[in-house]
Amino acid sequence: MGIDSASIEKVAPHAAQTLAMNIGPQHPATHGTLRLKVELDGEVIVRCEPEIGFLHTGFEKLGEYRNYNQFVVISDRMNYLSPLNNNIGFAVACEELFGVQVPPRGQYLRVIMAELSRLADHVISIGLQGMDLGAFSVMLWTFIEREKLYDIFEAVTGARLTTSWTRVGGVFRDAPPDFPVLVRGFLAKFPAVLDECECMLSRNRIFMDRCIGVGTLTKEQAVSYGVTGPLLRACGVPYDIRKARPYLCYDQLDFEIPTRPEGDVYARYQVRLAEMRQAIRIIVQALDKLPGGGENKEKLPVSSLDHKVTLPPKDMVYSDMESLIHHFKITMPGHGVIPPQGEVYSCTEAPNGELGFYLVSDGTGLPYRVRVRPPSFYNYATMPKQVTGRMISDAVSVLASLNVIAGELDR
Amino acid sequence: MATDLAALVASLKTRFGDDVLGHTEFRGQFSVGLRRGANLSVLRYLRDEAQFEMLTDVTCVDSLNLPPEMRKEYPERFAVVYQLYSLSANQRLRVKACVPEEPCEIDSVTPLWEAANWGEREAYDMFGVVFKGHPGLKRILMPDNYEGHPLRKDYPLKGRGERDRFPKYTEMPER
């Protein structure tokens, strides 16, 4: 896709008064490869057309040629700010299709990791929002926090970014014994950092001027556009999939859904901040309730014991005929984990909103169709609505608040 | 909740008759099949009367390689799949409108939901289903000059050599 003069001209065929301008695909404010074709009258945006697809990787096509566990690796690469939520979202969808139950310890571990990942996503999102509007130091502080979170992810999953942590029916290994200590150590200091960021931004004159009343969406518009996540909740709709369709063990935990009525960029910032405080609440409760605790002395399972779906323990593979057969069936091409014929649409609450997986199974080891419903895709479609008729600098502010991740936008 | 949905699906059958091809239930999820011409009217009814305010996703399934026992859900080659969600009743419903290979077109639901705009563009890009009445139906993920529709089942995983035929920078038109 080259930058052809024809497409620029198409933006403004009658350009006597107006100026056609490209923002991106390489621009510091786009955080990835996004391109906005805008038509300006002075500094006011008359027309805006987002062009996406620069990071299209064909994940959905690739999914038809990978078995269910192999797709977990691909799901990492979609939202690279919160890969764990993608792992978990896909695993939840598969378990619904297979009809497998994850044991309580696995569920609690997943919830803790999902919420830690939500913290990592939201905190960086707020930092970048500050950076785009000129408050660079907030971004540096939030990056430090994300590094600490990545250290925890590394201890649990073995990787910082490409976690590939879940498997169909559970997770690939138990958390290390010091996991609760690590998380509690982090949580002891994290709220103070949130307060600091809030001090820097929430009453900051420049930040407020550039956020309040910018990019306002009404409730009806947001619902019609299929907007989800913090954006929808900033429009006053208390829709959170963790409450509306409780998956894992979210129904056993006590938390609230923060909403704001305004629907502007500032409201999104406030919702994200409040959501982080709720996430901390969830993590603390889940750590208290974690079956087996950190040590897991009783050796409670983290994955389903249905070894037609999950790999049996290695020592059993070497000593037990049946486990050897299960291991062979799961790992050999052409056998694999076989779901029944049918189709499910399963969604989870990712940091950006509803992350849906629509799986069609034809009863073989490979999915017939993997459809990913990325939150960023439908959130970003509101961009023209939000910026048309506003100053060009507002486009930067709106874009930062959408937290569009090009990897999941283009898949 | 499931009984309500079952009642709703049954009422769709009496209301729209032959336009509703049938329904399936799997893991507690309902999915309703539609004839091609009926998608706009049935979805309008679902949005306005049955309070499915939100269209969470539009996509498409190519049934070319499906095993015969699954074909009755997909009487034609393509099915455009709408995932509906009702905020007020907290219910989900899947609606599948079948589209034949020729003519590969169906009415757009952009008059009902703004979300359909990009969703249908992606379905057109990936499957070649033309949405009639769409305000700006063009490719969204693939380049504008791309040939073929990558998520069709007869499209090979590694492509048809587009990568080699991609215009080089020097061959681009002068700016």
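The structure under discussion appears in the preceding block.
Just so it is clear, the structure is predicted and the values come from calculations on it, not from any experiment.

J.: Please explain the overall build of chain A as it appears in this structure.
T.: Each helix and strand in chain A was counted, giving 18 helices and 8 strands. The C-alpha atoms of chain A give 22 Å as radius of gyration, which agrees with the globular expectation for 411 residues (22 Å, within 12%). With respect to the three principal axes, the spread of C-alpha positions in chain A is 80 × 45 × 35 Å. Looking at chain A as a whole, 52% of its 411 residues qualify as buried. Put simply, 69% of the contacts in chain A that link residues at least 6 apart link residues at least 24 apart.

J.: For this particular structure, what's the right way to read the overall build of chain B?
T.: Looking only at helices and strands, chain B has 4 helices and 7 strands in total. The order of helices and strands in chain B, counted from the N terminus, is α-β-β-α-β-β-β-β-α-β-α. Principal axes of the C-alpha set define a box for chain B whose edges measure 60 × 35 × 25 Å. Counting every position in chain B, which comprises 175 residues, the buried fraction comes to 39%. Of the contacts formed within chain B by residues at least 6 apart in sequence, a portion of 51% connects residues at least 24 apart.

J.: What should I look at first to understand the pairing of strand β3 (residues 54-62) of chain B in this one?
T.: Two faces make up the sheet, and in a regular strand the side chains alternate between them. Residue and element names in this part refer to chain B. Burial runs high along β3: 9 of the 9 residues are buried. Both β3 and strand β4 (residues 78-86) contribute to a ladder of 8 bridges, which runs antiparallel. Bridge pairing links Val-61 to Ala-79 in β4.

J.: Can you walk me through the interface of chain B and chain A in this structure?
T.: Accessible area lost on assembly of the parts is the figure often given for the size of an interface. Across the boundary between the two partners, chain B contributes 35 residues, which contact 39 residues of chain A. Among the elements of the structure, β3, β4, β5 (91-99) and α3 (116-127) of chain B are those that each provide at least two residues to the side of chain B that touches chain A. The greatest single-element share of the side of chain B that touches chain A, amounting to 6 residues, is contributed by β3 of chain B. A class-by-class count of the residues in the side of chain B that touches chain A yields 22 nonpolar, 6 polar and 7 charged.

J.: Quick question: what am I supposed to make of unusual backbone geometry here?
T.: When glycine is set aside, most residues are seen to have a negative phi, and most peptide bonds are trans. Residue Pro-103 of chain B is reached from Glu-102 of chain B by a cis peptide bond, and omega for that bond is -5°. Within the element layout of this structure, Pro-103 of chain B appears in the loop between β5 and β6 (105-107). At Ser-164 of chain A, a position not held by glycine, the phi torsion is positive, near 45°. Here Ser-164 of chain A shows up in the loop between α6 (136-157) and β4 (166-167). A tally of 20 C-beta atoms within 10 Å means that Ser-164 of chain A is categorised as buried. Even without a glycine there, the phi angle at Asn-403 of chain A is positive, about 55°. With respect to the helices, strands and loops of the structure, Asn-403 of chain A is situated in the loop between α17 (392-402) and α18 (406-410).

J.: Which parts of the structure should I look at to understand helix α4 (residues 83-98) of chain A?
T.: Each full turn of the α-helix corresponds to 3.6 residues, which orients residues three or four apart in the same direction. The end-to-end C-alpha distance of α4 of chain A is 23 Å, a good match for the 22 Å that 16 residues give at a rise of 1.5 Å each. With 16 of 16 residues buried, α4 of chain A lies mostly within the body of the structure.

J.: Even after reading the chapter, I still don't get the nonpolar core, so can you show me in this structure?
T.: In globular proteins that are soluble, nonpolar side chains generally tend to be buried together. Counting residues in each nonpolar core, the largest one holds 158 residues, and the members touching the most others are Cys-60, Val-80 and Val-129 of chain B. Sorting elements by how many residues they give to this core places helix α5 (residues 104-132) of chain A first, with 14 residues. Val-80 of chain B has contacts with Val-58, Cys-60, Ala-97, Val-99, Ile-106, Ala-123 and Val-129 of chain B, leaving out every residue within four places of it along the chain.

J.: Would you explain the sheet that holds strand β6 (residues 342-350) of chain A in this entry?
T.: What holds strands together in a sheet is hydrogen bonding between their backbones, with the strands either parallel or antiparallel. All names here are of chain A. Strand order across the open sheet formed by 3 strands is β6-β7-β8, with antiparallel pairing between neighbours. The two strands at the open ends of the sheet, each matched to only one other strand, are β6 and β8 (369-373). Direction aside, the axes of adjacent strands within the sheet are offset by 15° on average. Note: β6 against strand β7 (residues 353-361), 9 bridges, orientation antiparallel. If you follow Gly-342 over to β7, its bridge partner there is Ser-361. Relative to the sheet, α4 contacts β6 and β7, its axis offset from that of β6 by approximately 150°.

J.: Can you walk me through the environment of Leu-40 of chain B in this structure?
T.: All names here are of chain B. By the secondary structure assignment, Leu-40 is in helix α2 (residues 39-48). Since 18 C-beta atoms lie within 10 Å of it, Leu-40 is described here as partly exposed. A C-alpha to C-alpha distance of 29 Å links Leu-40 and Glu-147, two positions 107 residues apart in sequence. The contact partners of Leu-40, leaving out residues within four places of it in the chain, are Asp-107 and Val-109.

J.: Explain the sheet that holds strand β2 (residues 29-34) of chain B to me, please; I cannot follow it from the model alone.
T.: All names here are of chain B. Strand order across the open sheet formed by 5 strands is β1-β2-β5-β4-β3, with mixed pairing between neighbours. Either end of the sheet is taken by a strand with one partner, and the two such strands are β1 (20-26) and β3. On average, each strand axis in the sheet is tilted by 20° relative to the strand beside it, whichever way the strands run. Pairing of β1 with β2, which is carried by 6 bridges, proceeds in the antiparallel orientation. Across the sheet, the residue bridging to Gly-22 is Gly-33, located in β2. Against the sheet, α2 engages β2, β4 and β5, with an angle of about 170° to β5. Packed on one face of the sheet, α3 meets β3 and β4 and runs near 10° to β3.

Cut-offs applied
- Residues numbered from 1 in each chain as written.
- Chains lettered and ligands numbered in written order.
- Predicted model: local features only at pLDDT ≥ 70, side-chain atom pairs only at ≥ 80, totals over all residues.
- Helix = DSSP H or I, 4+ residues; strand = E, 2+ residues; numbered from the N terminus.
- Rg over C-alpha atoms; globule rule 2.2 N^0.38 Å.
- Buried ≥ 20, exposed ≤ 12 C-beta atoms within 10 Å, placed from the backbone.
- Contact = placed C-beta atoms within 7 Å.
- Pairing = 2+ DSSP bridges.
- Nonpolar A, V, L, I, M, F, W, Y, C, P; charged D, E, K, R; others polar.
- Expected span 1.5 Å × (residues − 1).
- Core = buried A, V, L, I, M, F, W, Y, C linked by C-beta atoms within 7 Å.
- Axes fitted to C-alpha atoms, helices over the stretch in contact; angles between N-to-C directions.

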